[in-house]
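Each chain, letter by letter, is given below.
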Amino acid sequence: MNGKVTFRSPWNILVCGSGLLLLLVGYATASETPWTQAPFTITASLVGGLWMSVRGALCAAWVDPSGIRYLGVFSAERIPWAVVEEVTCELRGGTLMTSAMPVLKLKGGRSVSLDGLAGYTLGNDENSRVTRQVHEMNATLKLHRSIGRRPFNGA
């Protein structure tokens, strides 16, 4: 892989839509209630709705030869391949649905969940989109490691 690959989840539209709904609630509250009676509710609805709608729309992971840049709803990380040990697919089960998400296992024992790329399935089935994303990230990691082992002078 020579270029940059972008990974997104179609579920981000739900986060974006929730943010727009919260903006609508904040606007309706502000137009019907004096600011002095509900400043916290109005501010929280407007700021929270704006945050969720913008970050939900932008939520993605960009993978290139240098590493992974991740922008989630509540976090942002830039992680070089040199600190990544492996990329795994973590299943988090519930009573009705199971979520699957890529997780970066880093050197030193730390792990970073790319929860903005999560996928959901009924039961304990794997999510094919998330599994494909994990395979592509691992392929890029493997490519980075193989390039790193070559002698610098090309010999």
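Note that the structure is predicted; figures quoted are calculated from it, not measured.

Cut-offs and rules
- Residues take numbers from 1 onward in each chain, read along the sequence in its written order.
- The predicted nature of this model means local features are confined to residues of pLDDT at least 70 and side-chain atom pairs, given and counted, to a pLDDT of 80 or more, with totals for whole chains, interfaces and linings taken over all residues.
- Note that the side-chain values use all heavy atoms of the structure and ignore hydrogens as well as water.
- Here, axes are lines fitted to C-alpha atoms. For helices the fit covers the stretch in contact, and angles between N-to-C directions go from 0 to 180 degrees.
- For the purposes of this entry, the term helix denotes a DSSP run of H or I that reaches at least four residues, the term strand denotes a run of E that reaches at least two, and both are numbered from the N terminus.
- Working rule for angles: under 35 degrees goes down as roughly parallel, over 145 as roughly antiparallel, 65 to 115 as roughly perpendicular, anything else as oblique.
- In this scheme, a crossing is called left-handed if the near helix is turned counterclockwise away from the far one by less than a right angle; it is called right-handed if the turn is clockwise.
- Put simply, Ala, Val, Leu, Ile, Met, Phe, Trp, Tyr, Cys and Pro go in the nonpolar bin, Asp, Glu, Lys and Arg in the charged bin, and everything else, Gly too, in the polar bin.
- Whenever Lys or Arg places a side-chain nitrogen within 4 Å of a carboxyl oxygen from Asp or Glu, that contact is recorded as a salt bridge.
- Working definition: with a 1.4 Å probe on protein chains only, accessible area under 20% of the residue-type maximum means buried, over 50% means exposed, and in between means partly exposed.
- Only rings of Phe, Tyr and Trp enter the pairing, Trp through its six-membered ring, and a pair is recorded when the two centres are within 6.5 Å. The plane angle decides the type: under 30 degrees is stacked, over 60 is edge-to-face, the rest tilted.
- The criterion is that NZ of a Lys, or CZ of an Arg, lies within 6 Å of the ring centre and within 35 degrees of the ring normal, and then a charge sits over that ring.
- By definition here, a helix of n residues has an expected span of 1.5 Å times n minus one.
- An arc is given here, and it is the one of the directions from the helix axis to the C-beta atoms.
- Should any heavy atoms of two residues lie within 4.5 Å, those residues are counted as being in contact.
- At least two bridges found by DSSP between two strands is the condition for calling them paired.

What follows is about the packing of helix α1 (residues 12–32) against helix α2 (residues 39–58). At a minimum axis distance of 7 Å, the contact between α1 and α2 shows a crossing angle of 155°. When the axes of α1 and α2 are compared, the pair comes out roughly antiparallel. Two packed elements cross with a definite hand, and for α1 against α2 that hand is left-handed. Residues belonging to the contact of α1 with α2 are distributed by class as follows: 13 nonpolar, 11 polar and no charged.

Counted by the stated rule, this structure contains two salt bridges. Two residues, Glu77 and Arg110, come together in a salt bridge whose shortest N-O distance is 3.0 Å. One end of the pair, Glu77, is in strand β4 (residues 76–80); the other, Arg110, is in the loop between β6 (97–106) and β7 (111–113), and 33 residues separate them in sequence. Among the residues examined, Glu77 registers a relative accessible area of 24% and is labelled partly exposed. The residue Arg92 makes a salt bridge to Glu90 at a minimum N-O spacing of 2.6 Å. Taking the relative accessible area as the measure of exposure, Arg92 reaches 38% and is therefore partly exposed. Classification of Glu90 as partly exposed rests on a relative accessible area of 25%.

The next subject is the packing of aromatic side chains. Summed over all chains, the structure comprises one aromatic pair. When the ring of Trp11 is compared with that of Tyr120, the centres are 5.0 Å apart and the planes differ by 80°; the resulting orientation is edge-to-face. Here the residue Trp11 occupies a position in the loop between β1 (5–7) and α1, and Tyr120 occupies one in strand β8 (residues 119–122), the gap between them amounting to 109 residues. Take Tyr120: its relative accessible area is 34%, and that puts it in the partly exposed class. The cationic tip of Arg69 hangs over the ring face of Trp62; the distance from NZ or CZ to the ring centre is 4.3 Å.

Before going further, it helps to spend a moment on α1. An ideal rise of 1.5 Å per residue puts 30 Å on 21 residues; α1 measures up with 30 Å between its terminal C-alpha atoms. Taken as a whole, α1 has its buried residues at Asn12, Cys16, Gly19, Gly26 and Thr29. All buried residues of α1 project into a common sector of 145° when viewed along the axis, lining one side. Pointing more than 90 degrees away from the buried face of α1 are the exposed residues Ile13, Leu14, Leu21, Leu24 and Glu32. Structurally, α1 contributes buried residues whose contacts are with α2.

Buried residues dominate strand β2 (residues 60–64), accounting for five of its five residues. Every second residue of β2 is oriented toward a common face, with Ala60, Trp62 and Asp64 on one face and Ala61 and Val63 on the other, all of them buried. In this sheet, β2 lies alongside β1 in antiparallel orientation, the contact comprising three bridges. Among the inter-strand pairings, Phe7 is bridged to a residue of β2, identified as Ala61. Relative to strand β3 (residues 67–71), β2 is paired through five bridges, and the arrangement is antiparallel. Following the sheet pairing, Ala60 is matched in β3 by Leu71. Taking the residues that link successive antiparallel strands as the turn, the β2-β3 hairpin has two residues.

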